Amino acid sequence: MARRGAPPGSGPAYYTPAQLTRGGPSVDPNEGAWARFLRTQVFAPDKLPGNVNIVAGVGLFAVGIFVVRRWGEMFVPV
């Protein structure tokens with residue numbers, strides 16, 4: 001049986017999130033350096049999963065330090 005493709009000029013079979021936003025976010029010309037850094041490096045869709053992993057790792061580390069300092073004597077065998 002022959003493979004049937006989409007008719008010519010029908011467009012892509014899927015859309016990426018960048019294609020759905022149509023033009024991207026509007027950028028404020030009076031935006032400061034800190035806001036630009038947050039927009040392009042912290043909350044950018046392509047960097048967000050890595051940033052969430054970093055925050056989760058730092059949070060788990062901090063909670064581990066807190067638990068050991070708070071209840072560390074219970075971990076020592078008597």
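1. With respect to the overall build of the protein
Alright, step 1. Counting secondary structure elements, the protein contains 3 helices and 0 strands.
Alright, step 2. Starting at the N terminus and walking to the C terminus, you meet the elements of the protein as α-α-α.
Alright, step 3. In the protein, which comprises 78 residues, the share counted as buried stands at 4%.
Alright, step 4. On the protein, roughly 7,500 Å² of surface is accessible, and the fraction owed to carbon and sulfur atoms is 66%.

2. Thoughts on the confidence of the model for the protein
Alright, step 1. Here the protein shows a mean pLDDT of 84. Residues at 70 or above account for 79%.
Alright, step 2. Taken element by element, the protein is modelled with least confidence in helix α1 (residues 17-21), mean pLDDT 65, and with most confidence in helix α3 (residues 48-71), mean pLDDT 96.

3. Focus: the packing of aromatic side chains
Alright, step 1. In this structure the tally under the stated criterion is 2 aromatic pairs.
Alright, step 2. Their ring planes at 85° and their centres at 6.0 Å tell us that Phe66 and Trp71 sit as a pair that is edge-to-face.

4. Remarks on the pattern of salt bridges
Alright, step 1. For the structure shown, the criterion picks out 1 salt bridge.
Alright, step 2. Between Glu31 and Arg39 there is a salt bridge, and its shortest N-O distance comes to 3.0 Å.

Cut-offs and rules
- Residues numbered from 1 in each chain as written.
- Predicted model: local features only at pLDDT ≥ 70, side-chain atom pairs only at ≥ 80, totals over all residues.
- Heavy atoms only, no water.
- Helix = DSSP H or I, 4+ residues; strand = E, 2+ residues; numbered from the N terminus.
- Buried < 20%, exposed > 50% of the residue type's maximum accessible area, 1.4 Å probe, protein only.
- Areas by Shrake-Rupley, 256 points an atom, 1.4 Å probe, with all protein chains shown as cover.
- pLDDT = per-residue confidence, 0-100.
- Phe/Tyr/Trp six-rings, centres within 6.5 Å; stacked < 30°, edge-to-face > 60°.
- Salt bridge = Lys/Arg side-chain N within 4 Å of Asp/Glu carboxyl O.

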